[in-house]
Amino acid sequence: EDQVTQSPEALRLQEGESSSLNCSYTVSGLRGLFWYRQDPGKGPEFLFTLYSAGEEKEKERLKATLTKKESFLHITAPKPEDSATYLCAGDRGSTLGRLYFGRGTQLTVWP
Amino acid sequence: DAGVTQSPTHLIKTRGQQVTLRCSPKSGHDTVSWYQQALGQGPQFIFQYYEEEERQRGNFPDRFSGHQFPNYSSELNVNALLLGDSALYLCASSLWDEQYFGPGTRLTVT
């Protein structure tokens, strides 16, 4: 069964305290691994797509990496405005289709 | 660019009623997907439309149906509403390898 699991479910960090979020996947024939940020009551905001093991992408304080079984979202020196739920998703097949989402990690950064 | 837009923002319906949700994709995007997101869960794929045809479907009953128009906008219809259909319904549009989500429609079934 295609599945994406995220950990931890919730994470509280002090401003400036770096950490990592984990996303493990068992999507057969994974084509792409996606990261989204979601604020309460809003739609997910696209962050990154990763395609092959060893690939890394960065955006401001966020860096996403991919191995053959999992992906990490590293948050360096987070600020309170980074507080949100971070969702990971995988897809398979030849074109962008159904995304299999995890349940997300709820990140809270306090001053 | 307005991005992906959805209407209405909120909706309250009674069990057994029918509902139609609407989505306009990001400019230039030709593919629309619909997801259901229950509180505290990740989005669950309902179906995807491309060239006015349903291209993929998730594990949702036939009460959930959709349509895509020639201008790529889309509708999601849900018949015989159940209490468990209460959720945030998300529309996403894509072109190639980036999928962008709209703000969602919050549906409450009483």
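What counts, and where the lines are drawn
- Residues numbered from 1 in each chain as written.
- Chains lettered and ligands numbered in written order.
- Predicted model: local features only at pLDDT ≥ 70, side-chain atom pairs only at ≥ 80, totals over all residues.
- Heavy atoms only, no water.
- Helix = DSSP H or I, 4+ residues; strand = E, 2+ residues; numbered from the N terminus.
- Rg over C-alpha atoms; globule rule 2.2 N^0.38 Å.
- Buried < 20%, exposed > 50% of the residue type's maximum accessible area, 1.4 Å probe, protein only.
- Lys, Arg positive; Asp, Glu negative; His and termini not counted.
- Charge placed at Lys NZ, Arg CZ, Asp CG, Glu CD.
- Phe/Tyr/Trp six-rings, centres within 6.5 Å; stacked < 30°, edge-to-face > 60°.
- Disulfide = S-S within 2.5 Å.
- Pairing = 2+ DSSP bridges.
- Axes fitted to C-alpha atoms, helices over the stretch in contact; angles between N-to-C directions.
- Contact = heavy atoms within 4.5 Å.
- Buried area = accessible area lost by both parts, 1.4 Å probe.
- Salt bridge = Lys/Arg side-chain N within 4 Å of Asp/Glu carboxyl O.
- Polar contact = N/O pair within 3.5 Å; in protein donor to acceptor, adjacent residues only side chain to side chain.
- Nonpolar A, V, L, I, M, F, W, Y, C, P; charged D, E, K, R; others polar.

Visitor: So what exactly am I meant to see when it comes to the overall build of chain A here?
Guide: Each helix and strand counted, chain A has 0 helices and 11 strands in total. By the compact-globule yardstick of 13 Å for 111 residues, chain A fits well, its C-alpha radius of gyration being 13 Å. Each of the three principal axes of chain A carries a C-alpha extent, and together these read 45 × 30 × 20 Å. Scored against the burial criterion, the 111 residues of chain A give a buried share of 47%. Charged side chains in chain A number 14 positive and 15 negative. The centres of these two groups are separated by 3 Å.

Visitor: Quick question: what am I supposed to make of the packing of aromatic side chains here?
Guide: How two aromatic rings sit relative to each other is set out by the distance from centre to centre and by the angle between their planes. Residue and element names in this part refer to chain B. Under the criterion given, the structure shown has 10 aromatic pairs over all chains. Ring geometry for Tyr35 against Phe101: centres 5.4 Å apart, planes inclined by 50°, an arrangement best described as tilted. One end of the pair, Tyr35, is in strand S4 (residues 31–37); the other, Phe101, is in strand S10 (residues 98–101), and 66 residues separate them in sequence. Summarising the burial analysis for this pair, Tyr35 and Phe101 share the class buried.

Visitor: I would appreciate a short explanation of the state of the cysteines in the present structure.
Guide: Put plainly, two cysteines are in a disulfide when a covalent bond ties their sulfur atoms together. Residue and element names in this part refer to chain A. Counted by the stated rule, this structure contains 2 disulfides over all chains. Between the sulfur of Cys23 and that of Cys88 lies a disulfide, 1.8 Å long from S to S. The disulfide joining Cys23 to Cys88 has a torsion of about -55° about its S-S bond and is therefore left-handed. Here Cys88 lies in strand S9 (residues 84–92) and Cys23 lies in strand S3 (residues 19–25), a separation of 65 residues in the sequence. The burial state of Cys23 is the same as that of Cys88; both residues are buried.

Visitor: How do you make sense of the sheet that holds strand S7 (residues 62–66) of chain A when you look at a structure like this?
Guide: All names here are of chain A. Spatial strand order, S1-S3-S8-S7-S6: 5 strands in an open sheet with antiparallel pairing. Since the sheet does not close on itself, it has two edges, and those belong to strand S1 (4–7) and strand S6 (56–59), each with one partner. The mean inter-strand angle of the sheet, taken between neighbouring strand axes irrespective of direction, is 15°. Sheet topology note: the S7/strand S8 (residues 70–75) ladder contains 5 bridges and is antiparallel. Pairing of Lys63 across the sheet is with His74, part of S8.

Visitor: What am I meant to see in the side chain of Asp82(A) here?
Guide: Residues and elements named next belong to chain A. Mapped onto the fold, Asp82 is located in the loop between S8 and S9. What makes Asp82 buried here is its relative accessible area of 6%. Among all residues touching Asp82, those that are not within four sequence positions of it are Arg37, Arg61, Leu107 and Val109.

Visitor: Any chance you could explain the interface of chain B and chain A here in plain terms?
Guide: Interface size is commonly expressed as the accessible area that is lost once the parts come together. The interface of chain B with chain A comprises 24 residues on the first partner and 20 residues on the second. Summed over both partners, the interface of chain B with chain A buries about 1,700 Å², with 47% contributed by carbon and sulfur atoms. The three residues of chain B that bury the most area against chain A are Asp97(B), Gln99(B) and Phe101(B), which together make up 31% of that side's buried surface. The interface formed by chain B and chain A includes 0 salt bridges. Run the count over chain B and chain A and you get 4 residue pairs in polar contact (both at pLDDT 80 or more). Elements represented by at least two residues in the side of chain B that touches chain A include exactly S4, strand S5 (44–50), strand S6 (53–57), strand S9 (87–95) and S10 of chain B. Sorting elements by how many residues they give to the side of chain B that touches chain A places S10(B) first, with 4 residues. Along the lines of polarity and charge, the residues of the side of chain B that touches chain A split into 9 nonpolar, 11 polar and 4 charged.

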